[in-house]
Amino acid sequence: MEILSSFSCKLSKLFNNPSANSSAKALKVIFHDFPGGPEGFELFARFCYKNGDLQITPSNTPLLHCIAHFMEMSKATLSSSPCLINSTRKSLEMIQFWTWSDTVNSLKQCQELSAISGSSAVLGKILDSLLARIAAISDASPSDSPESSALRFSCDTRSTVSVKTGNSRSWWFEDLVLLDPRMIEKVIKGMLSRKIEHGTISRFLFYYLKSRLSNAALYEKKKKATEVTIELLNCLDVNSVSCKRLFGILRVSSSLKISRACRSTLEAMIGAQIDQASLDNLLIPSSTLIDSIYDVNLILRFLKSFLDIVGKELVARLKRVGRLMDLYLAEVAPDSCLKPAKFVALIASLPDAARDCHDAIYRAIDMYLEVHSQLSDEEKMKICCCINYEKLSSECCKHLAKNAKFPSRITIQALVSQHSKLRSLLQDTNNIKSTQKSPLKGKQCEDGEQIILYAKKLDLSIENEKLKAHLQGMHWRVMELEKVCKKMQTQMTSIMKSRKYPATSSGSRSLPRLCS
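The rules behind the values
- Residues numbered from 1 in each chain as written.
- Predicted model: local features only at pLDDT ≥ 70, side-chain atom pairs only at ≥ 80, totals over all residues.
- Heavy atoms only, no water.
- Helix = DSSP H or I, 4+ residues; strand = E, 2+ residues; numbered from the N terminus.
- Buried < 20%, exposed > 50% of the residue type's maximum accessible area, 1.4 Å probe, protein only.
- Contact = heavy atoms within 4.5 Å.
- Areas by Shrake-Rupley, 256 points an atom, 1.4 Å probe, with all protein chains shown as cover.
- Salt bridge = Lys/Arg side-chain N within 4 Å of Asp/Glu carboxyl O.
- Phe/Tyr/Trp six-rings, centres within 6.5 Å; stacked < 30°, edge-to-face > 60°.
- Lys NZ or Arg CZ within 6 Å of the ring centre and 35° of its normal.
- Patch = residues over 30% accessible without salt bridge, like charges linked within 9 Å, V, L, I, M, F, W, Y side chains within 5 Å.
- Lys, Arg positive; Asp, Glu negative; His and termini not counted.
- Charge placed at Lys NZ, Arg CZ, Asp CG, Glu CD.
- Axes fitted to C-alpha atoms, helices over the stretch in contact; angles between N-to-C directions.
- Parallel < 35°, antiparallel > 145°, perpendicular 65-115°, else oblique.
- Left-handed = near helix turned anticlockwise from the far one by under 90°.

(A) Main features of the overall build of the chain. Helices and strands together make up the secondary structure of the chain, namely 26 helices and zero strands. The burial tally for the chain puts 43% of its 516 residues in the buried class. Long-range pairs, those at least 24 residues apart, make up 71% of the contacts in the chain with a sequence separation of at least 6. Of the accessible surface of the chain, which amounts to about 29,200 Å², a share of 54% is contributed by carbon and sulfur atoms.

As structure tokens, this is what we get:
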């Protein structure tokens, strides 16, 4: 013990204590939290018994540095004894000459020593060295050779081969996947502070999560890796994060039961770039399968996030989302479990500027009404009010005029709107024709393109007459229906009276099915 005490102030204080000397034979020292456990204590003993003649390498520098702090070896109790902490500091000063593998292995060792005093200093130096090398890779040109100054530090066979095959900026991904989520968090935050390209960081995080989910056996480790990855991806520029891969994380996270805050973050990230998604991405099955087959509430949250983050000013992106939602509506419309309120919420979730044409909405509503034939007229009216009839094509308007699934009021409203649109179009055409007769040739050239565009319309007067005929037909149909209803009311009154008085010899007639 005298030899060990000569190198460790901690042991020296313990054994030089008068109360300890009085019972030296019974003294027993147990370190439950000794850095590195038995292997660490063996290194410490070898250093002491060999009078400091221990080879200090990158592989043992972090452990020995923590042992020196733990055993208070900042200065030897005997002037002739070497100081371990000075030796580890000299090793850390030469860290720029360590190989890439030495740096990564030392960082892995720091994970196990994170709770020990003195580990933060050595971790900071190793982490800075690692980040400097990754930054050099990120800044290097893909055409740089393995012998270039930016890549000279990494001379192991695997990385050299990776450089030659054109993956010089991502070969290091595989080396860091064994780090735990806490260490990855430190690495990524260091990358952000060094302004390393966000696209590179994003690709690494997806690669890291995929590897952890494949190799981790414990549920909690998978959950922790997923939550940390989501939080780190949220720190990046949204344009550098793949929307498709975010949907992949979303599907995995449903079984891992990540925290509500983390899931909200993930949904907000997806919502911010929902215009980059595909229809297959949106067809996510509902967890209950009671209210709907697909998770409609999730899509509504995506759209809310999109409007909150992107807003309504970027019309091009808004219209891409509108086209995507038209496809989604066509998929969910045949769902017999989908409630009318949810269907209306899906249609009304985007502003009117998101769609130039409402034909797709009409077709989706037509399918929905066919599947939900039991809806009341009031519910049908609420659904049909989502259609902007001025944005319906003439073909859809014709179809609507003959569609018995839609309420009569909606049909008339659509035809009136279409008629007004055609009147406006004809008026604009007449204005252009009058402008064409103007003696100003410059004006004729300026409006030439507009005249040609309107000239391409197929016989607008005939089309207008057809729509007028349809409108008159619908008006006649409403009048006939009113007559039938009055007649039925009369019959109903007579039937009610016949219940109070004895039935006549002719007997009572059953009501028409239309009245039931």
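That shown, we press on.
(B) Spatial organisation of the pattern of salt bridges. Summed over the entire model, instances satisfying the criterion amount to twelve salt bridges. A salt bridge links Asp180 to Arg182; its shortest N-O distance comes to 3.7 Å. Residue classification places Asp180 among the buried positions, given a relative accessible area of 17%. Look at the salt bridges and you will find they share partners, linking Arg263, Glu267 and Arg301 into a network.

(C) View of the packing of aromatic side chains. Evaluated as defined, the whole model comprises 16 aromatic pairs. Ring pairing ties together the aromatic residues Phe31, Phe34, Phe41, Phe44 and Phe70, which thus form one cluster. The ring of Phe70 carries the charged tip of Lys10 above its face, separated from the ring centre by 3.8 Å.

(D) Molecular detail of a positive patch on the surface. Where like charges cluster on the molecular surface, the positive patch consists of Arg203, Lys210, Lys244 and Arg245. Counting residues per element, the ones that place at least two in the positive patch are helix H12 (198-215) and helix H14 (243-256).

(E) Looking closely at the packing of helix H17 (residues 296-309) against helix H19 (residues 340-348). The geometry of H17 relative to H19 is characterised by a closest axis approach of 10 Å and an angle of 25° between their N-to-C directions. Accordingly, the angle class assigned to the pair H17 and H19 is roughly parallel. The handedness of the crossing between H17 and H19 comes out as left-handed. In this structure, H17 contributes Val296, Asn297, Ile299 and Leu300 to the contact, and H19 contributes Lys342, Ala345 and Leu346.

(F) The environment of Gln111, seen in detail. Locating Gln111 in the fold gives a position in helix H7 (residues 100-112). With 72 residues separating them in the primary sequence, Gln111 and Met183 have C-alpha atoms 6.9 Å apart. For Gln111, the contacting residues outside a window of four places in its chain are Leu178, Leu179, Asp180, Arg182 and Met183.

(G) Representation of unusual backbone geometry. Phi is positive for Glu72, which is not a glycine, with a value near 55°. With respect to the element layout, Glu72 can be found in the loop between helix H5 (61-70) and helix H6 (84-93). We note that Lys257 has phi near 55°; this positive angle belongs to a residue other than glycine. Note on placement: Lys257 falls in the loop between H14 and helix H15 (260-272).

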